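Letter by letter, the chains look like this.
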Amino acid sequence: MTSSQEWFDDAIFDGTIQKIPYEEISKGKLIGEGGFGKVYLAECNSIAEKIVLKKIRKCHIKEKEKDILFAFIKELKIHSNLEQHESIIPLYGITENRNSYFLVMQFANNGTLSEFLKEKRDTLDWAIKISLAEQMAGGIHYLHSCNIIHRDLHSKNILLHDGQIKIADFGLSKDINSPTSSTLGIFGLNQIALMNNIINGLREDPIIYTPLEYVELYKDSWKPEPKDRPLIQEELTLI
Ligand SMILES: Nc1ncnc2c1ncn2[C@@H]1O[C@H](COP(=O)(O)OP(=O)(O)OP(=O)(O)O)[C@@H](O)[C@H]1O
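With an unreviewed UniProt entry as reference, the chain is termed 2011_t:CDS:1, source organism Ambispora gerdemannii.

In structure tokens form, the structure reads like this:
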């Protein structure tokens, strides 16, 4: 029987995932922390632009943290099977040192959409907002065309690089052709509370001065019955 370490190694290194030698990388400052672990800014000899390292410690590879491990591997596999797309954050590969594995991806130099919107809330004009919505719909449309549903889209999982939307964080995504899918165990209490509110019909109030066509579009998109919501292709056309 293989150890969980061997199983993890096999799961990572079979297929198309590029392994980057750790010696080629100089790790910089800590820039964030998520469900798997810490995220660092870094540079790599063979990659022209700045990168981030998203870390999972090897000691997480044990039974009681299987959900975290599965989400990490799922993110890796789904992300590495995607082609380059302007609205998806590029994944360069994986690297490892003695204690940890790291996903290696492009550093998004404008941070998360959440930070961007907080900072620019009062100065963003509608042309930029519509352009961001269009880029996002374009990225989601691309994912759907690859039979991937993201399932965790929110403004902290959407990054911006040189003003361009980059969808990230595929840990909860599902390949609709794949029979294994359940990662429900890794939802946090906040997400469960939010889901409850949505199921019970709670919706935000439209923000004043939002164009009416846009309000109608997003109200259509939060209808309770999925069949009543527009497809992403329709949204893209309307935007
Ligand atoms: N490619 C990136 N470029 C720039 N900053 C990033 C990048 N990836 C992650 N970050 C930063 O690191 C933080 C943590 O990212 P990470 O994806 O690990 O977690 P999360 O999405 O916040 O949480 P979770 O993994 O639980 O959904 C982000 O909020 C963001 O500030």
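There's more to say after this.
On domain assignment, one finds that the chain holds domain 1 (4-106) and domain 2 (113-238). At the junction of the two partners, domain 1 supplies 17 residues and domain 2 supplies 26 residues. Taken over both partners, the interface formed by domain 1 and domain 2 buries close to 1700 Å², and the fraction arising from carbon and sulfur atoms is 64%. The three residues of domain 1 that bury the most area against domain 2 are K74, I78 and S87, which together make up 30% of that side's buried surface. Two residues, K54 and D169, come together in a salt bridge whose shortest N-O distance is 3.5 Å. Where domain 1 meets domain 2, there are eight residue pairs in polar contact (both at pLDDT 80 or more). Broken down by secondary-structure element, the contributors of at least two residues to the side of domain 1 that touches domain 2 are β3 (47-57) and α2 (66-81). Within the side of domain 1 that touches domain 2, the residues separate by chemical class into six nonpolar, four polar and seven charged.

Our next topic: the layout of surface pockets. Counted as a void, the second largest pocket has a volume near 970 Å³. What lines the second largest pocket is a set of 30 residues, among which G34, K54, K156, N157 and D169 lie closest to the centre. Those elements that provide at least two residues to the lining of the second largest pocket are β1 (25-33), β3, α2, β5 (100-106) and α3 (113-120). Residues of the lining of the second largest pocket, tallied by class, amount to 13 nonpolar, 11 polar and six charged. When we break the lining of the second largest pocket down by domain, the ones giving at least three residues each are domain 1 (4-106) and domain 2 (113-238).

Membership of the largest hydrophobic core comes to 19 residues, with the highest contact counts inside it found for L82, I88, L113, L143, I165, I167 and F170. Elements with a contribution of two residues or more to this core: α3, α4 (126-145), β7 (158-161) and β8 (164-167). Per-element accounting of this core gives the leading share, six residues, to α4. Aside from chain neighbours lying at most four places away, what touches I167 is S87, I88, I89, M136, G139, I140, L143, H150, L153 and N157. Grouped together as the second largest cluster of nonpolar side chains are 17 residues, V39, F72, L91 and L159 included.

Calculation rules
- Residues numbered from 1 in each chain as written.
- Predicted model: local features only at pLDDT ≥ 70, side-chain atom pairs only at ≥ 80, totals over all residues.
- Heavy atoms only, no water.
- Domains from an automatic or database assignment.
- Contact = heavy atoms within 4.5 Å.
- Buried area = accessible area lost by both parts, 1.4 Å probe.
- Salt bridge = Lys/Arg side-chain N within 4 Å of Asp/Glu carboxyl O.
- Polar contact = N/O pair within 3.5 Å; in protein donor to acceptor, adjacent residues only side chain to side chain.
- Helix = DSSP H or I, 4+ residues; strand = E, 2+ residues; numbered from the N terminus.
- Nonpolar A, V, L, I, M, F, W, Y, C, P; charged D, E, K, R; others polar.
- 1 Å grid on protein atoms, 1.4 Å probe; cavity = no way out; pocket = protein on both sides within 12 Å on 5 of 7 lines; lining within 4 Å.
- Points joined across faces, edges and corners; volume = space filled by probe spheres on them.
- Core = buried A, V, L, I, M, F, W, Y, C linked by side-chain atoms within 4.5 Å.
- Buried < 20%, exposed > 50% of the residue type's maximum accessible area, 1.4 Å probe, protein only.

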